[in-house]
Amino acid sequence: MKRILLIAVLFLFAKLASAQKNLLAMDEHNKYIYYQVVDMPHTPLDSLKANAAEFVRTEYPKIKTKESEGSTSIADKFLTYAAFVKHETGEIDYNITIECKDHKYRYWLTDFVFTPYQKDRYGNFVPQQGISIPLENVYVKFDKKEATGYLDQTGAFSKKLGEKLKLYMTNAPAPKKAEIVKKVVTDKW
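Throughout this document, residue positions are counted from 1 along each chain, in the order its sequence is written. Per-residue local features of the predicted model are confined to residues with pLDDT of at least 70, and side-chain atom pairs are confined, for both listing and counting, to 80 or more; whole-chain, interface and lining totals are unaffected and use all residues. Here the side-chain values reflect all heavy atoms present in the structure, with hydrogen atoms and water set aside.

**Q** Outline the layout of surface pockets, listing residues and values.
**A** Estimates place the volume of the largest pocket at around 290 Å³. Segments assigned H or I by DSSP are reported as helices when at least four residues long, segments assigned E as strands when at least two residues long, and all are numbered from the N terminus. In terms of residue count, the dominant contributor to the lining of the largest pocket is helix α4 (residues 144–170) (seven residues). Just so you know the grouping, Ala, Val, Leu, Ile, Met, Phe, Trp, Tyr, Cys and Pro go in nonpolar, Asp, Glu, Lys and Arg go in charged, and all remaining residues, Gly too, go in polar. Of the residues belonging to the lining of the largest pocket, the class tally is five nonpolar, four polar and four charged. Its boundaries defined by the atoms lining it, the second largest pocket holds a volume of some 180 Å³. Definitions used throughout: a 1 Å grid over protein atoms alone; a cavity as a set of points that fits a 1.4 Å probe which cannot get out; a pocket as an open set with protein on both sides within 12 Å along at least five of seven lines; a lining residue as one with an atom within 4 Å of a point. Along its surface, the second largest pocket is lined by Glu59, Tyr60, Asp76, Lys77, Phe78, Tyr94, Phe157, Lys160, Leu161 and Lys164. Broken down by element, the residue count for the lining of the second largest pocket peaks at four residues, all from α4. Of the residues assigned to the lining of the second largest pocket, the class counts are five nonpolar, no polar and five charged. Grid points are joined across faces, edges and corners, and a volume is the space filled by probe spheres set on the points.

Printed below as a string of structure tokens:
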């Protein structure tokens, strides 16, 4: 009985560990993508655009955005870490695009490019110059365990960023109330 319970727990743990990698899908260009469409039935287009602009302004204050009709694109990066020693192993560049329509919005993260880190002579981890690997080719350049780790971290980061965006989109900015000035009437006393 103990063996069956142990096997069941190990199977469940393995299933949960591989869940983050399954968040990423392949698009029509054979690139990894994290894509979500979110329906917001009672939110008009102008509120969604304002909330998306607030998200971009708050989360990416120093990054230049590409604005086109109805969409916003941002290029940024995040760090990846080793499993047990918690030092940087590299960085992953990505693009996020947000589009709004009446009562719904969509966003996707794509164009993931991995740049490995190495230790410099001072003991700091810095990007290796001239090495950029598309995330689709990470299994070719690294062993399966490392590559799976990078995909898991990318899936977890994408999910976390999507949840943060959802918070911005659902919390519509409160309309500014005109400050009521209490007037004192001096002719009646």
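**Q** So, the confidence of the model for the protein chain: which residues are in play, and what are the values?
**A** Summing up the model confidence of the protein chain, the mean pLDDT is 81 and the portion of residues at 70 or higher is 84%. Scored from 0 to 100, pLDDT records how confident the predictor is in each individual residue. Here, residues are in contact when the closest pair of their heavy atoms is within 4.5 Å. Residue range residues 9–19 is modelled with pLDDT below 50. Its contacts to residues more than four positions away, or to other chains, number one contact.

**Q** Break down the nonpolar core for me, with residues and values.
**A** Grouping buried Ala, Val, Leu, Ile, Met, Phe, Trp, Tyr and Cys residues that are joined through side-chain atoms within 4.5 Å yields what is termed a nonpolar core. Per-residue accessibility, obtained with a 1.4 Å probe over protein chains only, is compared with the maximum for each type, and a residue is labelled buried under 20%, exposed over 50%, and partly exposed between these values. Tyr105 and Leu135 are the most contacted members of the largest nonpolar core, which has 33 residues in total. For this core, the elements supplying multiple residues, two or more each, are β2 (32–39), α2 (45–59), β4 (71–81), β5 (88–101), β6 (104–119) and α4. With seven residues, α4 is the largest single contributor of residues to this core. Other than its neighbours up to four places away in sequence, Leu135 contacts Leu24, Tyr32, Ile92, Phe112, Val113, Tyr150, Leu151 and Thr154.

**Q** Any chance you could break down the side chain of Thr97 for me, citing the residues and the numbers?
**A** In this fold, Thr97 is placed in strand β5. Assessed through its relative accessible area of 11%, Thr97 is described here as buried. Of the polar contacts made by the side chain of Thr97, one reaches the side chain of Ser73; its length is 3.3 Å. Pairing of N or O atoms within 3.5 Å defines a polar contact, subject to two protein rules: one partner must be a possible hydrogen donor and the other a possible acceptor, and residues neighboring in sequence count only if both atoms are side-chain atoms.

**Q** Go over the environment of Gln153, please, and point to the residues and values.
**A** In this structure, Gln153 sits in helix α4. Every residue in contact with Gln153, bar those within four places of it in the chain, is listed here: Phe78, Leu79, Thr80 and Tyr81.

**Q** Quick one: what's the story with unusual backbone geometry, residue by residue and with numbers?
**A** Its identity is not glycine, yet Asn30 carries a phi of approximately 60°, on the positive side. Looking at the element boundaries, Asn30 is found in the loop between β1 (25–26) and β2. Despite not being glycine, His103 shows a phi value in the positive range, around 70°.

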